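Take a look at the letters that make up each chain.
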Amino acid sequence: TQLLEQSPQFLSIQEGENLTVYCNSSSVFSSLQWYRQEPGEGPVLLVTVVTGGEVKKLKRLTFQFGDARKDSSLHITAAQPGDTGLYLCAGVSNTGFQKLVFGTGTRLLVSP
Amino acid sequence: DTAVSQTPKYLVTQMGNDKSIKCEQNLGHDTMYWYKQDSKKFLKIMFSYNNKELIINETVPNRFSPKSPDKAHLNLHINSLELGDSAVYFCASSQVGGKTNEKLFFGSGTQLSVL
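Quick notes on the rules
- Residues numbered from 1 in each chain as written.
- Chains lettered and ligands numbered in written order.
- Predicted model: local features only at pLDDT ≥ 70, side-chain atom pairs only at ≥ 80, totals over all residues.
- Heavy atoms only, no water.
- Helix = DSSP H or I, 4+ residues; strand = E, 2+ residues; numbered from the N terminus.
- Buried < 20%, exposed > 50% of the residue type's maximum accessible area, 1.4 Å probe, protein only.
- Areas by Shrake-Rupley, 256 points an atom, 1.4 Å probe, with all protein chains shown as cover.
- Core = buried A, V, L, I, M, F, W, Y, C linked by side-chain atoms within 4.5 Å.
- Contact = heavy atoms within 4.5 Å.
- Pairing = 2+ DSSP bridges.
- Axes fitted to C-alpha atoms, helices over the stretch in contact; angles between N-to-C directions.
- Disulfide = S-S within 2.5 Å.
- Buried area = accessible area lost by both parts, 1.4 Å probe.
- Salt bridge = Lys/Arg side-chain N within 4 Å of Asp/Glu carboxyl O.
- Polar contact = N/O pair within 3.5 Å; in protein donor to acceptor, adjacent residues only side chain to side chain.
- Phe/Tyr/Trp six-rings, centres within 6.5 Å; stacked < 30°, edge-to-face > 60°.

## Here we look at the overall build of chain A
At step 1: Regarding its fold elements, chain A presents 0 helices and 11 strands.
At step 2: Listed N to C, the secondary structure of chain A is β-β-β-β-β-β-β-β-β-β-β in terms of helices and strands.
At step 3: A total of 112 residues make up chain A; the buried ones form 49% of that total.
At step 4: Accessible area for chain A stands at about 5,100 Å²; split by element, carbon and sulfur atoms hold 51% of it.

## Points about the nonpolar core
One broad trend across soluble globular proteins is that nonpolar side chains are buried collectively.
At step 1: One finds L19, L32, W34, L74, I76 and L108 of chain A to be the most contacted residues of the largest nonpolar core, which totals 23 residues.
At step 2: Not counting residues up to four positions away in its chain, the partners in contact with L108 of chain A are L11, I13, L19, I76, D83, T84, G85 and Y87 of chain A.

## Description of the sheet that holds strand 7 (residues 61-65) of chain A
Residues and elements named next belong to chain A.
At step 1: Across the sheet, 5 strands lie side by side as 1-3-8-7-6; this open sheet has antiparallel pairing. Each edge of the open sheet is held by one strand with a lone partner, namely strand 1 (5-7) and strand 6 (55-58). Strand-to-strand twist in this sheet, taken as the mean axis angle between neighbours without regard to direction, amounts to 15 degrees.
At step 2: Here strand 1 pairs with strand 3 (residues 19-24) via 3 bridges, running antiparallel. The residue of strand 3 that forms the bridge with S7 is Y22.

## What to know about the state of the cysteines
At step 1: Under the defined criterion, the tally for this structure stands at 2 disulfides over all chains.
At step 2: Covalently, C23 of chain A is tied to C89 of chain A through a disulfide, its sulfur atoms 2.1 Å apart. Its S-S torsion of about 75 degrees marks the bond between C23 of chain A and C89 of chain A as right-handed, since a negative value means left-handed. Of this pair, C23 of chain A sits in strand 3 while C89 of chain A is found in strand 9 (residues 85-92), placing the two residues 66 residues apart along the sequence. The exposure classification of C23 of chain A matches that of C89 of chain A, with both residues buried.
At step 3: Between the sulfur atoms of C23 of chain B and its disulfide mate C91 of chain B the distance is 1.9 Å. Here the disulfide of C23 of chain B and C91 of chain B is left-handed, its torsion about the S-S bond being about -80 degrees. In this pair, C23 of chain B sits in strand 3 (residues 19-25) while C91 of chain B sits in strand 9 (residues 87-94), placing the two residues 68 residues apart along the sequence.

## Some words on the environment of S27 of chain A
Residues and elements named next belong to chain A.
At step 1: Within the secondary structure layout, S27 lies in the loop between strand 3 and strand 4 (31-37).
At step 2: On the basis of relative accessible area, S27 is assigned to the buried category, the value being 15%.
At step 3: Linking S27 and Q37, residues 10 residues apart in sequence, is a C-alpha distance of 24 Å.

## Points about the interface of chain B and chain A
At step 1: Opposite the 25 residues of chain B that make contact, chain A presents 23 residues.
At step 2: Taking both partners together, chain B and chain A bury about 1,900 Å²; carbon and sulfur atoms supply 61% of that area.
At step 3: Viewed at the interface, chain A and chain B are joined by 0 salt bridges.
At step 4: Linking chain B with chain A are 3 residue pairs in polar contact (both at pLDDT 80 or more), by the criterion used here.
At step 5: Sorting the residues of the side of chain B that touches chain A by element identifies strand 4 (31-37), strand 5 (43-50) and strand 6 (53-57) of chain B as the ones contributing at least two each.
At step 6: Among the elements that line the side of chain B that touches chain A, the one with the most residues is strand 5 of chain B, at 3 residues.

## Focus: the packing of aromatic side chains
Describing an aromatic ring pair means giving the distance of the ring centres and the angle of the ring planes.
At step 1: A complete count under the given rule lists 9 aromatic pairs over all chains for this structure.
At step 2: With a centroid separation of 5.5 Å and 50 degrees between ring planes, the pair formed by Y35 of chain A and F102 of chain A is classed as tilted. With Y35 of chain A in strand 4 and F102 of chain A in strand 10 (residues 100-102), this pair connects stretches of sequence that are 67 residues apart. Judged on exposure class, the residue Y35 of chain A and its partner F102 of chain A are both buried.
At step 3: Consider the rings of F102 of chain A and Y35 of chain B, whose centres lie 5.5 Å apart with planes at 90 degrees: the pair is edge-to-face. Of the two residues, F102 of chain A sits in strand 10 while Y35 of chain B sits in strand 4, which places them in two different chains. For the pair F102 of chain A and Y35 of chain B, one class covers both residues: buried.
At step 4: Following the ring pairs from residue to residue traces out a cluster consisting of Y35 and F102 of chain A together with Y33, Y35, F90 and F106 of chain B.

Structure, rendered in structure tokens:
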């Protein structure tokens, strides 16, 4: 069974701080996605990283895929209250029909 | 226009009852999914249909039966509901399914509470 562990599980910070969320696995994934989920809503895709070592930026968010395609990180610069939510990484499995395996989630609370 | 819509939003029912959740997508996608999110927010795939054909069937009790009358609809019927079925169920769709950079579009979820 492929597992994706995220850390930290919960993060409470002040507006303007920087933070990093980690997504780790012992399995190799063909690609990795990051989603953000707000209360009462479904996850919304933020980014997909495909190549080992790839770095993608989305405004204040920087995503990196590990060289071995087993891990990823999400770095947020100068966090805003609007960044509050549940962040989920999801690996695309290589076994048979490709499916998403979701991480354990990181709940982020950014206070003004 | 809501891309992936599921009904009902909330479902409260007694143990032993049978209930259904409906899902529709207007994106023209070929693949639809059901995911279950538990109280710890862990999201796990249950089923996937591609053009009305069952593609993924994870280890789910056979009390759960998905039905896809056409590629725009994927419903989930649950028989003999148990306390442990309480969770948020998400429907999702993707354009093709099975691609490395496939983007999933999720509905807003159905919160099922079994009493």
